[in-house]
Amino acid sequence: MYKITYIILAFTALLLLNSCKKDDIETPPGYTSPTATGRVLLVYIGADSDLSFEARYKIEKIKSSWNADTTDRLIIYADFIDEQPTLNEVIKSGDQNILKVIKRYPEHNSASGEVLAQVIDDVKKSYRAPSYGLLVFSHGNGWLPPYSYSQVKSIIYDAGKEMSIQEFAAAIPDKMFEFIIFESCYMSGIETSYELRNKTNYILGTSSPIISPGFYNVYPNALHYLFDPEQGLENFARLAYLHINSLYGDRRSIAISVIKTDGLEPLASWVKENADFDKYVNINEIQHFDTNINHLFSDFVDYVERLLDSDEQKSQLNMLVNNCITYKASTESFMPSSETEGFTINKHSGLTIYIPQNTLPELNEEYKKLEWAKAIGQ
């Protein structure tokens, strides 16, 4: 999650903090939630970090946006600074929604694959359902290995500990989720998506960073779409884009997409057969979505097209990518007022890619360990 400075009224902040505390109730012994006949959405909040405060009011917004009268289930795992991690169900009590604590965990590392696997298993055992979705809120830096760069954090960050994308994928049973939403930065990369291709049918992520407060004001109008089997994820992404595109200044910055994972293996096979990775490419001429001087997140199509020999190949590439992208949208720039962190968005294919660079030998070696790199022979 990418931060910019806001003036927040202390009174409002206090109300938000108090509302989360006030609504939490302990689960009676022997409590069992009814089996969901629709979808179970697990919201995984890894906020034992500088995101702890933001996560609190995000949970409050998600909770108040939920229609608890449905047969679907909304489950929230939360780990905050100096608090015992909990698994909670959002239920209705009178005329308001509350968090019912289903399980309290001993203090642990929410950026551990073992913990993530345990939470998923607890949800599966407690909530039998035909369909599951996952929404992750934490820091993010796509596929980059833990502790790579100080300005970004790996997927899920907990008190200085980070989780790699390989560990994240290994914690999820195959075909577990209908979709995974990343309210985290840089999570629409081809490397991340390919690592998760057997874990979920769809991924919603961004090529760019996400500026705080992220999807906070999207949930009231869009949360219900995550339980809609007919283009619900695309509608959620569309409303997220429309909201952020309606903002002003640097907050009007986003490049978002929905990725269909069953098209990724055909794309990898085609790239392996057609792309010439020995061709010289000036990385500074390719659309990038990060502010790092090395440009670690470049536009997938803008790069791979430069490795091809013919217009026919470029047409085939775009067809295969379009088979993977069910929705994409971007603003024309990211943080335009910032000379150091801003950039123009001229191209947005919905996927990013890492381009190995001679100046980054250690990162290049880590890249070779990824399923994507192996699939395309790099």
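Before going into details, it helps to say that this report is about the structure given with it. Owing to the predicted nature of the structure, the values given are computational and were not obtained by experimental measurement. (Residues numbered from 1 in each chain as written. Predicted model: local features only at pLDDT ≥ 70, side-chain atom pairs only at ≥ 80, totals over all residues. Heavy atoms only, no water.)

**Here we look at the packing of aromatic side chains**
- Counting across every chain of the model gives 15 aromatic pairs.
- A centroid spacing of 4.5 Å and a plane angle of 20° characterise the contact between Tyr44 and Tyr77, whose relative ring orientation is stacked. Placement of Tyr44 in strand 2 (residues 39-47) and of Tyr77 in strand 3 (residues 73-80) is noted, with a sequence separation of 33 residues between them. Pair check on accessibility: Tyr44 and Tyr77 agree, each one buried.
- Ring geometry for Tyr77 and Tyr105: centres 5.9 Å apart, planes at 70°, overall edge-to-face. (Phe/Tyr/Trp six-rings, centres within 6.5 Å; stacked < 30°, edge-to-face > 60°. Helix = DSSP H or I, 4+ residues; strand = E, 2+ residues; numbered from the N terminus. Buried < 20%, exposed > 50% of the residue type's maximum accessible area, 1.4 Å probe, protein only.)

**So, the pattern of salt bridges**
- The full count for this structure, using the stated rule, is 17 salt bridges.
- Between Arg73 and Glu89 there is a salt bridge, with the nearest N and O atoms lying 3.5 Å from each other. With Arg73 in strand 3 and Glu89 in strand 4 (residues 86-93), this pair connects stretches of sequence that are 16 residues apart.
- Arg197 is the salt-bridge partner of Glu265, the closest N and O atoms lying 2.9 Å from each other. With Glu265 in helix 8 (residues 264-274) and Arg197 in the loop between helix 5 (190-195) and strand 10 (200-206), this residue pair connects regions lying 68 residues apart in the sequence.
- Residue classification places Glu265 among the partly exposed residues on the basis of a relative accessible area of 40%. (Salt bridge = Lys/Arg side-chain N within 4 Å of Asp/Glu carboxyl O.)

**Description of helix 7 (residues 232-245)**
- In this model helix 7 runs 20 Å from its N-terminal to its C-terminal C-alpha over 14 residues, within 8% of the 20 Å that 1.5 Å per residue would give.
- Listed as buried for helix 7 are Gly232, Leu233, Glu234, Phe236, Ala237, Ala240, Tyr241 and Ile244.
- As for helix 7, its buried residues are in contact with strand 9 (177-183), strand 10, helix 6 (219-222), strand 11 (255-260) and strand 13 (325-330). (Expected span 1.5 Å × (residues − 1). Contact = heavy atoms within 4.5 Å.)

**Overview of unusual backbone geometry**
- With an omega of 10°, the peptide bond running from Ser212 to Pro213 counts as cis.
- Looking at the secondary structure, you find Pro213 in the loop between strand 10 and helix 6.
- The phi dihedral of Tyr186 is positive, around 60°, even though this residue is not glycine.
- Relative to the helices and strands, Tyr186 resides in the loop between strand 9 and helix 5.

**A closer look at the nonpolar core**
- In terms of nonpolar packing, the biggest core is built from 71 residues, with Leu42, Leu134, Phe168, Leu267, Phe300, Leu317 and Trp372 touching the most fellow members.
- Excluding residues that lie within four positions of it along the chain, Leu317 makes contacts with Leu267, Trp270, Phe300, Val301, Val304, Glu305 and Leu308.
- Counting residues in each nonpolar core, the second largest holds 37 residues, with Val43, Ile45, Ile210 and Ile254 among its members. (Core = buried A, V, L, I, M, F, W, Y, C linked by side-chain atoms within 4.5 Å.)

**Some remarks on the pairing of strand 6 (residues 131-137)**
- Across the seven residues that make up strand 6, a large majority, seven, are buried.
- Of the two faces of strand 6, the one carrying Ser131, Gly133, Leu135 and Phe137 and the one carrying Tyr132, Leu134 and Val136 are both buried.
- Of the pairings in the sheet, the one linking strand 6 to strand 9 comprises five bridges and is parallel in character. Bridge pairing in strand 9 places Phe137 opposite Glu183. (Pairing = 2+ DSSP bridges.)

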